[in-house]
Amino acid sequence: MENLLKFLKERRSVRAFQDKNIPKEQLQEIVDVARFAPTARNVQPWEFVVVTDKEKIAQLSDLGQNAKPLAGAAACIVVFCADSNYFLEDGSAATCNILLAATALGIGSCWIAGDKKPYCQQVNALLAAPANMKLISMIALGYPQEENAFKITPKRELKELLHWEKF
Ligand SMILES: Cc1cc2nc3c(=O)[nH]c(=O)nc-3n(C[C@H](O)[C@H](O)[C@H](O)COP(=O)(O)O)c2cc1C
């Protein structure tokens, strides 16, 4: 348990990757973990597209400055949700599971924004997703380039944000 808590605290966004493929079984395992995420009323509105084709990943990385971490990624998991009351929360929970599963496997990851971005329909078209599917996120995946890649983002201190009994 202690190890699990430590590991949860050590997840960080990774944006520079080695030129090394991720085995298909590991990508499948990551999506398998995603489907266990909490979901309002157990609707499970999610669909996951795993992209490993370099050309397609390059096209996704060209969608905007914020999508650049995809440029050197070995794979990208694109999370879509069917339109439903809590599609964004459900899809975000699944996205978090993907980030954590990747960390557990020693794979670096970075959440690339989906919902609210002007390129949503372009992504649907690129991946042949039905137009009514909502883009939640695109997750860049790959083996981290820098040794300390998992430990670079500073976090707010606990005492600054934890409130007991009242705000
Ligand atoms: C909803 C959401 C959208 C994000 N979009 C992007 C993005 O488009 N590009 C990017 O490089 N990082 C993106 N991130 C990653 C954040 O920048 C990152 O999580 C944050 O800086 C904290 O760093 P950490 O993940 O290392 O803890 C996004 C994260 C979230 C939760």
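As shown above, the structure is provided for reference.
Only a predicted model underlies this, so the values are computations on that prediction, with no experimental measurement involved.

Draft legend 1. Molecular detail of the overall build of the protein. Tallying secondary structure elements over the protein gives six helices and four strands in all. Walking the protein from its N terminus toward its C terminus, one meets helices and strands in the order α-α-β-α-β-α-β-α-β-α. By the compact-globule yardstick of 15 Å for 167 residues, the protein fits well, its C-alpha radius of gyration being 16 Å. Across the 167 residues of the protein, 32% fall into the buried class. Here the contacts in the protein between residues at least 6 apart in sequence split such that 79% fall between residues at least 24 apart.

Draft legend 2. Structural context of the nonpolar core. Of all hydrophobic cores here, the largest spans 40 residues; its most connected members are C76, I77, I139 and L141. Taken together, the elements giving at least two residues each to this core come down to α2 (24–34), β1 (46–51), α3 (54–61), β2 (75–82), α4 (87–104), β3 (108–113), α5 (120–126) and β4 (133–142). Here I77 is in contact with I30, V31, F48, V50, I98, I139 and L141, once residues within four sequence places are set aside.

Draft legend 3. Summary view of the sheet that holds β3. Taken in spatial order, the four strands make up an open sheet running β1-β2-β4-β3, and their pairing is antiparallel. Each having just a single partner strand, β1 and β3 make up the two edges of the open sheet. Averaged over all pairs of adjacent strands, the angle between strand axes in this sheet comes to 25°, irrespective of strand direction. Pairing of β2 with β4, which is carried by eight bridges, proceeds in the antiparallel orientation. In the strand pairing of β4, C81 is matched with K134. Strands β1 and β2 of the sheet are contacted by α2, whose axis makes an angle of about 165° with β1.

Draft legend 4. Region of the structure containing the environment of L8. Relative to the helices and strands, L8 is located in helix α1 (residues 2–10). Here L8 falls in the exposed class, since 11 other C-beta atoms lie within 10 Å of it. Counting along the chain gives 87 residues from L8 to T95, while the straight-line C-alpha distance between them is 14 Å.

Draft legend 5. Highlighting the packing of α2 against α4. Contact geometry of α2 with α4 gives a least axis separation of 8 Å together with a crossing angle of 140°. Relative to α4, the element α2 lies oblique. Remark: the crossing between α2 and α4 carries right-handed chirality. For the pair formed by α2 and α4, the contact residues are E29, I30, V33 and A34 on the first element and A94, N97, I98, A101 and A102 on the second. Considering only residue class, the contact of α2 with α4 consists of seven nonpolar, one polar and one charged.

Draft legend 6. Quick peek at unusual backbone geometry. Of note, K116 is a non-glycine position whose phi angle comes to about 85°, a positive value. Note that K116 resides in the loop between β3 and α5.

Conventions we followed
- Residues numbered from 1 in each chain as written.
- Predicted model: local features only at pLDDT ≥ 70, side-chain atom pairs only at ≥ 80, totals over all residues.
- Helix = DSSP H or I, 4+ residues; strand = E, 2+ residues; numbered from the N terminus.
- Rg over C-alpha atoms; globule rule 2.2 N^0.38 Å.
- Buried ≥ 20, exposed ≤ 12 C-beta atoms within 10 Å, placed from the backbone.
- Contact = placed C-beta atoms within 7 Å.
- Core = buried A, V, L, I, M, F, W, Y, C linked by C-beta atoms within 7 Å.
- Pairing = 2+ DSSP bridges.
- Axes fitted to C-alpha atoms, helices over the stretch in contact; angles between N-to-C directions.
- Parallel < 35°, antiparallel > 145°, perpendicular 65-115°, else oblique.
- Left-handed = near helix turned anticlockwise from the far one by under 90°.
- Nonpolar A, V, L, I, M, F, W, Y, C, P; charged D, E, K, R; others polar.

Don't take any of this as a statement about function, it's just geometry.
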